[in-house]
Amino acid sequence: MTQAWTQAWNVFERGGPLMWPLLALALLAAVLLIERALFFLLLNRPARLRGNRQLTAILRTQPQNTALKAAANTPGLYGRVAHALASEPQVTPSLASQITDDARPAVERFMPTLSTIITAAPLLGILGTVLGIIQSFNVISAQQTRIDLNALAGGIAEALITTGAGLAIALLTVFPYNALRTQVDRSLSRIETLAEAAAGDPKAHHGDTESTEAEEV
């Protein structure tokens, strides 16, 4: 184990100074991916999805006070959105869109940062390639009689290692990012369904008791 760490550190050092920002990007990506994965595991676990379907039906068909109670008893983002919808005397399409947009940042949190990491990591690797090649040419130009192959190999190694590290970070981030992107789209779709259910039947939120009594008579 110690030998493996030693070898990894040697490779890291040979990659040059750009390995440090690449390492920072890798750690940041790992932390954000774990945070987002836990968020969606809690948000879209089976019990929460069942609760969301029940909230949708209640918002569409039940009186406002019933919807408020159901939303208050539902934890998580879906419950908060449903409570915001049920708190309004009448949910117009524009208000429903506004409440949906207010919930969007919580769902899309850190996704732009992960997208930036996917883009920036290979670019840093390419920058390391350029710096490594420049270093190799400097060795060649400085030693006109006899070229130091070790110094030349150092520049080539820096170019290859940084490129490989940047591509590896991007590849290891892009696949979970795409999976999270799917969860973002599905979660926003469920929130929009809640909003559409609340806006679809204004009488459902007023609790039209007079019409109910008339039907019973």
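### So, the overall build of the protein chain
Link 1 in the chain: If you tally the helices and strands in the protein chain, you get 10 helices and zero strands.
Link 2 in the chain: Reading the protein chain from its N end, one meets helices and strands in the order α-α-α-α-α-α-α-α-α-α.
Link 3 in the chain: For the protein chain, with 217 residues in total, the buried portion stands at 36%.
Link 4 in the chain: Here the contacts in the protein chain between residues at least 6 apart in sequence split such that 78% fall between residues at least 24 apart.
Link 5 in the chain: A total of about 12,700 Å² of accessible surface is found on the protein chain, and carbon and sulfur atoms cover 63% of it.

### Quick look at the packing of aromatic side chains
Between two aromatic rings, the relevant description is the distance of the centres plus the angle of the planes.
Link 1 in the chain: Under the criterion given, the structure shown has four aromatic pairs.
Link 2 in the chain: Taking the centre distance of 5.5 Å and the plane angle of 15 degrees together, the rings of Trp 9 and Phe 12 count as stacked. You can see Trp 9 and its partner Phe 12 sitting in helix α1 (residues 2-14), three residues apart, about one turn around the helix.
Link 3 in the chain: Among the residues examined, Trp 9 registers a relative accessible area of 41% and is labelled partly exposed.
Link 4 in the chain: Judged by relative accessible area, Phe 12 falls into the buried class, the value being 12%.
Link 5 in the chain: Here Trp 9 and Trp 20 contribute two aromatic rings whose centre-to-centre distance is 6.1 Å and whose plane-to-plane angle is 70 degrees, an arrangement assigned as edge-to-face.

### Considerations on the nonpolar core
Link 1 in the chain: Ranked by size, the top nonpolar core spans 48 residues in total, and within it Leu 59, Val 81, Leu 85 and Leu 114 carry the most contacts.
Link 2 in the chain: Elements with a contribution of two residues or more to this core: α2 (19-43), α3 (46-61), α4 (64-72), α5 (76-86), α6 (93-107), α7 (111-142) and α8 (149-200).
Link 3 in the chain: Here this core takes 13 residues from α8, the largest share from any one element.

### Re α3
Link 1 in the chain: Its 16 residues give α3 an end-to-end C-alpha distance of 23 Å, which sits within 8% of 22 Å, the value for a rise of 1.5 Å per residue.
Link 2 in the chain: For α3, the full list of buried residues reads Arg 48, Leu 49, Gly 51, Asn 52, Leu 55, Thr 56, Ile 58 and Leu 59.

### Comments concerning the pattern of salt bridges
When their charged atoms lie close together, side chains carrying opposite charge are able to pair.
Link 1 in the chain: Under the counting rule described, the total for this entry stands at six salt bridges.
Link 2 in the chain: Among the ionic pairs, Glu 108 bridges to Arg 104, the shortest N-O distance being 3.5 Å.
Link 3 in the chain: Glu 108 serves as the salt-bridge partner of Arg 181, at 3.4 Å between the closest nitrogen and oxygen. With Arg 181 in helix α8 and Glu 108 in the loop between α6 and α7, this pair connects stretches of sequence that are 73 residues apart.
Link 4 in the chain: Owing to a relative accessible area of 24%, Arg 181 belongs among the partly exposed residues under this scheme.
Link 5 in the chain: Among the residues examined, Glu 108 registers a relative accessible area of 24% and is labelled partly exposed.
Link 6 in the chain: Residues participating in the shared-partner salt-bridge network are Asp 101, Arg 104, Glu 108, Arg 181 and Asp 185.

Conventions adopted
- Chains are numbered independently. Their residues run from 1 in the order of the written sequence.
- Only residues with pLDDT of at least 70 are given local features in this predicted model, and only at 80 or more are side-chain atom pairs given and counted; all residues enter the totals for whole chains, interfaces and linings.
- With hydrogens and water stripped out, all remaining heavy atoms of the structure feed into the side-chain values.
- Helix numbers and strand numbers start at the N terminus; a helix is a DSSP run of H or I with at least 4 residues, a strand a run of E with at least 2.
- Burial classes follow relative accessibility: with a 1.4 Å probe on protein chains only, a residue under 20% of its type's maximum area counts as buried, one over 50% as exposed, and anything between as partly exposed.
- Here a residue-residue contact requires only that any non-hydrogen atoms of the pair lie within 4.5 Å.
- Computed with the Shrake-Rupley method and a 1.4 Å probe, the accessible areas treat only the protein chains shown as cover for residues.
- In this scheme Phe, Tyr and Trp rings, the latter by its six-membered ring, pair at centre separations within 6.5 Å, and the angle between planes marks the pair as stacked below 30 degrees, edge-to-face above 60, and tilted otherwise.
- As used here, the term nonpolar core means buried Ala, Val, Leu, Ile, Met, Phe, Trp, Tyr and Cys residues forming a set that is joined through side-chain atoms within 4.5 Å.
- An expected span of 1.5 Å times one less than the residue number is assigned to each helix.
- Take a side-chain nitrogen of Lys or Arg and a carboxyl oxygen of Asp or Glu: if they are within 4 Å of each other, that pair is a salt bridge.

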